[in-house]
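In case you want the letters, here they are:
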Amino acid sequence: MSASATVIEDGSVLSRADRLYFRVESLLNLISGLVIFLLVLLATTNVLGRWIFSAPISGYVDWVEQAMAFIAFFGIAYTQRMGGHIRMDILVGQLRRRWLWFTELLTTLLMLLVTMVLIYGSYLHFWRAYSIGDSSLDINLPTWPAKLVVPVALTVLALRLLLQLWGYCRALKEGGDEPVAVPLIESAAEVAAKEAESVSGHDDEEVRP
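Remember, predicted model here, so these are calculated numbers, not experimental data.

Draft legend 1. Expanded view of the packing of aromatic side chains. Scanning the model with the defined rule gives nine aromatic pairs in all. Each ring, one from Tyr-123 and one from Phe-126, has its centre 5.7 Å from the other, and the planes form 55°; the classification is tilted. Linking Tyr-123 with Phe-126, this pair stays in helix α4 (residues 97-132), spanning three residues, or about one helical turn. For Tyr-123, a relative accessible area of 40% translates into the label partly exposed. Taking the relative accessible area as the measure of exposure, Phe-126 reaches 8% and is therefore buried. These aromatic residues form a ring-pair network of at least three members: Tyr-123, Phe-126, Trp-127, Tyr-130 and Trp-144.

Rendered as structure tokens:
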């Protein structure tokens, strides 16, 4: 699957809800990117401080450990909306119309069930850390904020999956080729063309002689 699949939009309630919710996902993805940027600055400062002043940042490893939850989970719903998660389209890509949407509906429903189980387990993990006052080993950072990120991000993903289930149910009913609010399967040629366009900064019309 491409890192940024096509998502059709129209004036329907489903499409408006999809675009509105995508703003929330984009904000969380931006926060994840900012955490990565700050982590790079922290690593640079730590290396320079150790090298020049023999004074590394206290609790550097603890800060990195806490940041990993933001980096790993805050972009998960955004990636799902854009069709960026790794998947195998060898068989599913051969299906068309209602058979395709029925298959996508089943797999998305399975993903939702797994996500709900993970939300429950990760929330219990957060609550246990919050209740006992769990902290990091070096500078005693409380661990519950980072652990709270996991059920929150998974809840955002669950809501995205519900939107996509809505989209696939509508597609199954209408039987069209281009349903709204769901990432469409693209051929290898389409994926390559989009990657070339993103690298070159030109669309096909601009590079065509």
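Draft legend 2. View of the packing of helix α1 (residues 13-52) against helix α2 (residues 60-73). Remark: α1 packs on α2, axes separated minimally by 9 Å, with the N-to-C direction vectors making an angle of 165°. Overall, the two elements α1 and α2 adopt an arrangement that is roughly antiparallel. Judged by the twist between their axes, the crossing of α1 over α2 is left-handed. Note on element contacts: α2 touches α1 through Tyr-60, Trp-63, Val-64, Ala-67, Met-68, Phe-70 and Ile-71, opposite Ser-32, Val-35, Ile-36, Leu-39, Leu-42, Ala-43 and Asn-46. Looking at the contact of α1 with α2 residue by residue, the class counts come to 12 nonpolar, two polar and no charged.

Draft legend 3. Region of the structure containing the nonpolar core. If you look at the biggest cluster of nonpolar residues, it comprises 30 residues, and the most contacted ones within it are Trp-101, Leu-154 and Leu-157. Listed by contribution, the elements that provide at least two residues to this core are α1, α3 (76-81), α4 and α5 (144-174). Residue contributions to this core peak at 13 residues, all from α5. For Trp-101, the residues in contact, after removing those within four places along its chain, are Tyr-168, Ala-171, Leu-172, Gly-176, Asp-177, Pro-179 and Leu-184.

Draft legend 4. Focus on α4. Its 36 residues give α4 an end-to-end C-alpha distance of 52 Å, which sits within 8% of 52 Å, the value for a rise of 1.5 Å per residue. The complete set of buried residues in α4 reads Leu-100, Trp-101, Glu-104, Leu-105, Thr-108, Leu-112, Thr-115, Ile-119, Ser-122, Phe-126 and Ala-129. Residue Gly-133 follows α4 closely and has a positive phi angle near 70°.

Draft legend 5. Spatial organisation of the confidence of the model for the chain. Averaged over every residue, the pLDDT of the chain is 87; residues scoring 70 or more account for 88%. Across residues 204-209 the pLDDT falls below 50, and counting only partners more than four positions away or on other chains, this stretch makes two contacts in the model.

Draft legend 6. Summary view of a nonpolar patch on the surface. Residues Tyr-120, Tyr-123, Leu-124, Trp-127, Tyr-130 and Trp-144 make up a contiguous nonpolar surface patch of roughly 660 Å² in combined accessible area. It is α4 that provides the largest number of residues to the nonpolar patch, a total of five residues.

Draft legend 7. A look at the pattern of salt bridges. Counted according to the given criterion, the structure contains seven salt bridges. Of the charged contacts, one joins Glu-9 and Arg-81 as a salt bridge, the two residues approaching to 3.8 Å between their closest N and O atoms. One end of the pair, Glu-9, is in the segment before α1; the other, Arg-81, is in helix α3, and 72 residues separate them in sequence. By relative accessible area, Arg-81 is classed as buried at 5%. Measuring nitrogen to oxygen at the nearest pair gives 3.2 Å for the salt bridge that ties Asp-134 to Lys-147. Of this pair, Asp-134 sits in the loop between α4 and α5 while Lys-147 is found in helix α5, placing the two residues 13 residues apart along the sequence. Judged by relative accessible area, Lys-147 falls into the partly exposed class, the value being 21%.

The rules we used
- Residues numbered from 1 in each chain as written.
- Predicted model: local features only at pLDDT ≥ 70, side-chain atom pairs only at ≥ 80, totals over all residues.
- Heavy atoms only, no water.
- Phe/Tyr/Trp six-rings, centres within 6.5 Å; stacked < 30°, edge-to-face > 60°.
- Helix = DSSP H or I, 4+ residues; strand = E, 2+ residues; numbered from the N terminus.
- Buried < 20%, exposed > 50% of the residue type's maximum accessible area, 1.4 Å probe, protein only.
- Axes fitted to C-alpha atoms, helices over the stretch in contact; angles between N-to-C directions.
- Parallel < 35°, antiparallel > 145°, perpendicular 65-115°, else oblique.
- Left-handed = near helix turned anticlockwise from the far one by under 90°.
- Contact = heavy atoms within 4.5 Å.
- Nonpolar A, V, L, I, M, F, W, Y, C, P; charged D, E, K, R; others polar.
- Core = buried A, V, L, I, M, F, W, Y, C linked by side-chain atoms within 4.5 Å.
- Expected span 1.5 Å × (residues − 1).
- pLDDT = per-residue confidence, 0-100.
- Patch = residues over 30% accessible without salt bridge, like charges linked within 9 Å, V, L, I, M, F, W, Y side chains within 5 Å.
- Areas by Shrake-Rupley, 256 points an atom, 1.4 Å probe, with all protein chains shown as cover.
- Salt bridge = Lys/Arg side-chain N within 4 Å of Asp/Glu carboxyl O.

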